[in-house]
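Read off the chains here:
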Amino acid sequence: MSTFTASLIFSVLFLVFGAALGLLGNGDKFRRKVSVEFNPGLTPPWVLPPGVNLVHVRGLGLNDTLHFLLCNHGAPALLMVHTNSTQSSVQVDWPSFINRSSPSSLKVEPQTSVRYSRALVFTRVWEYDDVNNTADPQQTAESSFYPPYELQNFIWSDLNKTDNQSNLTLQLCGGEKTESFVNGSLCLQFSAFESVGRDQAWPSLHHNANSSQLHVWLNGVTPRGNHSRFALEFQSVGDFGFEGRVDVYSSIDDEYTPSIFKVSQWVSSPVNSTGVWGYNQWKPVAYRKAEPVFEDATPCKHSQLVSMTHIPQSRLVQAYFTEDPQTYGLNISFGIDKDPAFYSDTKYISWTVLVGLGDPPADSFSTLIIIIITVGLGTPLVIIIVGGVFVWLRKRKSHSSGYEPIN
């Protein structure tokens with residue numbers, strides 16, 4: 001093979017794989033410096049009730065700060081506050097916060113730097129006897145519902161004992177003093193992120209430095225019926241002047257979340273505007289085992305978004321929002337019509353949601369898929385070019401020898 005031919009082939013391969021690397025390198029490069037602190041500013045003699053904590057996760061950007069606050073004083077809540085300052089800080093009036101004596105006992109200072117605030121509060125777990133196997137709480141008779149589990153009354157584990165700051169993950173588990181929760185619990189695992197990436201565990205949601213994640217699971221709870229299914233109720237509380245909506249989009253399906261072609265996004269926008277300032281994003285899938293395989297996946301669906309007249313019983317929300325915040329409620333139910341598996345079969349169900357600032361992350365092709373596409377497109381191109389080069393060289397050789405081939 002001549003030097004010219006080899007150079008040409010190398011150039012084609014360089015262009016093809018260079019394009020692939022370009023696609024791989026176009027991800028979100030933005031990073032935040034993330035730090036975690038427990039009960040900021042709390043000093044003796046003031047102490048929180050047993051098992052209760054306020055965790056502050058601070059994501060420092062180039063010219064802004066993203067604050068996440070997780071608290072289980074009352075219903076567990078995650079508050080997100082975005083400021084346009086790198087010096088903003090969380091200030092807590094602990095006596096008032098502990099005793100619920102002031103609606104403004106938690107602030108982010110300076111308050112003039114705050115651009116956007118929103119909280120996600122987990123309020124109830126519903127259980128119903130799905131005798132008709134519809135997996136649809138909206139079409140289930142009221143008499144089939146058991147009294148809901150009020151999460152504001154749960155007894156929670158201590159976050160200090162379960163944190164993993166090496167990967168910015170915190171875990172919280174709780175339950176009631178009832179027979180149902182003797183060997184069971186409801187757990188929430190919070191994760192913060194410094195940059196773009198994905199969780200290894202399904203559904204492997206695509207996150208960035210403006211995202212946090214809540215993984216929620218019900219494990220070992222004794223069901224109250226033979227055909228029990230569950231639904232999770234949560235509420236979103238935010239600044240006045242914003243409105244919420246839930247959009248459902250088609251998504252790219254590859255090895256990250258097998259067989260799931262949808263993504264749901266509960267977004268917050270200013271009134272009379274299409275711009276998105278914050279979001280809750282999830283894929284409509286839940287899992288029946290902690291380490292699932294394909295057969296352990298089950299669809300989930302959300303109810304209609306409902307405007308609420310009162311904020312939920314969360315001390316974090318009550319302490320931060322002081323002026324008529326906007327509150328919406330939503331239920332996520334697990335299962336599908338005619339599904340032969342009920343909660344009692346595995347006594348486990350899990351679901352994952354991203355909570356973040358700005359536009360929700362968009363799904364993209366994985367590295368493996370891009371390489372496969374590149375090889376698939378690049379190989380025929382190389383064969384065509386190489387074949388053309390050999391034909392050209394053969395004709396050139398024939399002409400130089402004076403021999404005219406028979407056509």
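Residues numbered from 1 in each chain as written. Predicted model: local features only at pLDDT ≥ 70, side-chain atom pairs only at ≥ 80, totals over all residues. Heavy atoms only, no water.

**Structural notes on the overall build of the chain**
Within the chain, the secondary structure is distributed over five helices and 23 strands. Burial statistics for the chain: of 407 residues in total, 49% are counted as buried. Carbon and sulfur atoms provide 56% of the accessible area of the chain, an area that totals close to 20,100 Å². (Helix = DSSP H or I, 4+ residues; strand = E, 2+ residues; numbered from the N terminus. Buried < 20%, exposed > 50% of the residue type's maximum accessible area, 1.4 Å probe, protein only. Areas by Shrake-Rupley, 256 points an atom, 1.4 Å probe, with all protein chains shown as cover.)

**Section: the state of the cysteines**
Here a disulfide denotes a covalent bond joining the sulfur atom of one cysteine to the sulfur atom of another. Counted according to the given criterion, the structure contains one disulfide. The residue that forms a disulfide with Cys173 is Cys187, at a sulfur-sulfur distance of 2.1 Å. Between Cys173 and Cys187, the disulfide has an S-S torsion of 110 degrees and is therefore right-handed. With Cys173 in strand 10 (residues 169–175) and Cys187 in strand 11 (residues 185–192), this pair connects stretches of sequence that are 14 residues apart. Residues Cys173 and Cys187 agree in their burial class; the two are buried. (Disulfide = S-S within 2.5 Å.)

**Let's talk about empty space enclosed by the protein**
Applying the stated rule across the entire model yields five cavities of 30 Å³ or more. Quantified by volume, the largest cavity comes out at close to 120 Å³. Those elements that place two or more of their residues in the lining of the largest cavity are strand 15 (228–238) and strand 23 (348–357). Residue composition of the lining of the largest cavity, by class: seven nonpolar, three polar and three charged. The wall of the second largest cavity is formed by Val125, Leu186, Val216, Trp217, Leu218, Phe230, Ala231, Leu232, Phe334, Ile349, Ser350 and Trp351. Put simply, the parts of the chain that give the lining of the second largest cavity at least two residues each are strand 14 (211–219), strand 15 and strand 23. Of the residues in the lining of the second largest cavity, the class split is 11 nonpolar, one polar and no charged. (1 Å grid on protein atoms, 1.4 Å probe; cavity = no way out; pocket = protein on both sides within 12 Å on 5 of 7 lines; lining within 4 Å. Points joined across faces, edges and corners; volume = space filled by probe spheres on them. Nonpolar A, V, L, I, M, F, W, Y, C, P; charged D, E, K, R; others polar.)

**A look at the packing of aromatic side chains**
Enumeration according to the criterion identifies 17 aromatic pairs in this entry. One aromatic cluster is present, formed by Phe122, Phe234, Trp266, Trp282 and Trp351 through successive ring pairs. Taking NZ or CZ as reference, Arg198 lies 3.7 Å from the ring centre of Tyr256, over its face. In this structure, Arg315 is placed above the aromatic ring of Phe97, and the distance from its NZ or CZ to the ring centre is 5.5 Å. (Phe/Tyr/Trp six-rings, centres within 6.5 Å; stacked < 30°, edge-to-face > 60°. Lys NZ or Arg CZ within 6 Å of the ring centre and 35° of its normal.)

**Details of the pattern of salt bridges**
Applying the stated criterion to the full structure yields nine salt bridges. Measuring nitrogen to oxygen at the nearest pair gives 3.0 Å for the salt bridge that ties Arg245 to Asp247. Of the residues examined, Asp247 reaches a relative accessible area of 16% and is grouped as buried. Here the salt bridges share partners, and the residues they tie into one network are Arg124, Glu150 and Glu233. (Salt bridge = Lys/Arg side-chain N within 4 Å of Asp/Glu carboxyl O.)

**Some words on unusual backbone geometry**
In this model, Pro44 is joined to Pro45 through a cis peptide bond whose omega is 15 degrees. Mapped onto the secondary structure, Pro45 falls in the loop between strand 1 (33–38) and strand 2 (54–60). The residue after Glu109, namely Pro110, is reached through a cis peptide bond having omega -5 degrees. Notably, Asn272 is not glycine yet its phi reads approximately 65 degrees, a positive angle.

**Describing the environment of Trp282**
Positionally, Trp282 belongs in strand 18 (residues 278–282). Under the relative-accessibility criterion, Trp282 is labelled buried at 1%. Between the C-alpha atom of Trp282 and that of Val353, which follows or precedes it by 71 residues, the distance is 4.7 Å. Sequence-distant contacts of Trp282, defined by excluding residues within four places in its chain, comprise Val246, Val263, Ser264, Trp266, His302, Leu330, Ile332, Trp351, Thr352 and Val353. (Contact = heavy atoms within 4.5 Å.)

**Observations concerning the pairing of strand 23**
Within strand 23, 10 of the 10 residues are buried, which leaves it mostly tucked inside the rest of the structure. Neither face of strand 23 is left uncovered, since the one carrying Tyr348, Ser350, Thr352, Leu354 and Gly356 and the one carrying Ile349, Trp351, Val353, Val355 and Leu357 both have all their residues buried. Judged from the nine bridges that link them, strand 14 and strand 23 form a sheet pairing that is antiparallel. Residue pairing in the sheet places Ser212 in a bridge with Val355 of strand 23. (Pairing = 2+ DSSP bridges.)

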